[in-house]
Amino acid sequence: MRSLSPFPLLALSVLANAIPAVAQVNLDLESALRESAKGSLLIQRAEESLTESSWAKVEAASAFMPKLQVSAQHIFEYKLQYNDVNFGNGPVSFPLIFPTSQLALQGTFPIFDGLAAANQYRAGSSRHEAAKLELDWARFSLEREVSLRFFEALASAKLGEVARQNAKTLRSEEHTS
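Quick look at the structure, then.

Assigned secondary structure in the chain consists of five helices and four strands. Ordered by position in the sequence, the α and β elements of the chain form the string α-α-α-α-β-β-β-β-α. When the 177 residues of the chain are sorted by exposure, 16% land in the buried category. Within the chain, counting contacts between residues at least 6 apart in sequence, those at least 24 apart form 78% of the total. With the model as given, the accessible surface of the chain reaches about 14,100 Å², and the carbon-plus-sulfur share is 60%.

In structure tokens:
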């Protein structure tokens with residue numbers, strides 16, 4: 001019989017010893033997908049973008065709402081003005097009335113703004129829909145990537161088992177010859 005060189009045997013044994021760490025992990029595809037979705041920064045960013053776009057939609061809808069503005073003012077230190085009135089005997093000074101507190105209410109109701117509010121609302125709705133689609137794409141691409149890596153690791157573990165079997169076979173053939 002032909003003599004085998006030690007290099008292929010050495011390479012197979014190194015490969016067989018390197019793979020058991022992967023093969024011993026008891027992780028199924030569903031749990032791998034769950035774990036990756038929890039820790040994915042891409043999905044977290046897409047979820048935050050979706051939340052932000054929903055608030056932008058609400059903000060755009062607020063342009064259709066009537067607005068009420070309230071302001072108040074109180075004067076703590078004031079000096080009265082006097083008005084002199086002459087009754088024939090001489091002038092008499094009367095303090096003038098002026099308010100120390102003021103309250104103002106102003107209401108506005110948009111009637112027509114050149115369709116700017118409607119266009120902003122449509123743009124907000126489109127941004128929200130785009131954020132939903134980006135989140136779906138991020139989840140899909142992460143799922144595909146994790147599935148690919150999972151099956152690569154599984155194939156690697158199977159190849160490790162085959163390499164161990166081949167190494168055993170080569171050793172047994174070497175000892176028998």
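Still more to cover.
Once that is clear, we can look at the packing of helix H3 (residues 29-39) against helix H5 (residues 116-176). Following both chains from N to C, one finds H3 and H5 inclined at 135°, their axes separated by 10 Å at the closest point. Taken together, the axes of H3 and H5 lie oblique to each other. Crossing of H3 against H5: the hand is right-handed. Contact residues: H3 offers Leu29, Ala32, Leu33, Ser36 and Ala37, while H5 offers Leu142, Glu143, Val146, Ser147, Phe150 and Phe151. For the contact of H3 with H5, the class distribution of residues is eight nonpolar, two polar and one charged.

With that settled, the discussion passes to the nonpolar core. Formed by Ile43, Ala46, Leu50, Ala131, Leu135 and Ala138, the largest nonpolar core amounts to six residues. Of all the secondary structure elements, the ones that give two or more residues to this core are helix H4 (41-61) and H5. The contacts of Ala131, once residues within four sequence positions are left out, are Ser49, Leu50 and Ser53.

This model, assessed by the stated rule, comprises three aromatic pairs. Seen in terms of ring centroids, Phe87 and Phe94 are 6.3 Å apart; in terms of plane orientation they differ by 85°. Their pairing is edge-to-face. The class of Phe94 is partly exposed, set by a relative accessible area of 39%. Ring plane angle 35° and centroid distance 5.7 Å describe the contact between Trp137 and Phe140, whose orientation is recorded as tilted. Of this pair, Trp137 and Phe140 both sit in helix H5, three residues apart, which is roughly one turn of the helix.

One non-glycine residue, Leu115, lies in positive phi territory at about 65°. Mapped onto the elements of the fold, Leu115 is located in the loop between strand S4 (101-108) and H5. Overall, the relative accessible area of 49% leaves Leu115 in the partly exposed class.

Cut-offs applied
Residues numbered from 1 in each chain as written. Predicted model: local features only at pLDDT ≥ 70, side-chain atom pairs only at ≥ 80, totals over all residues. Heavy atoms only, no water. Helix = DSSP H or I, 4+ residues; strand = E, 2+ residues; numbered from the N terminus. Buried < 20%, exposed > 50% of the residue type's maximum accessible area, 1.4 Å probe, protein only. Contact = heavy atoms within 4.5 Å. Areas by Shrake-Rupley, 256 points an atom, 1.4 Å probe, with all protein chains shown as cover. Axes fitted to C-alpha atoms, helices over the stretch in contact; angles between N-to-C directions. Parallel < 35°, antiparallel > 145°, perpendicular 65-115°, else oblique. Left-handed = near helix turned anticlockwise from the far one by under 90°. Nonpolar A, V, L, I, M, F, W, Y, C, P; charged D, E, K, R; others polar. Core = buried A, V, L, I, M, F, W, Y, C linked by side-chain atoms within 4.5 Å. Phe/Tyr/Trp six-rings, centres within 6.5 Å; stacked < 30°, edge-to-face > 60°.

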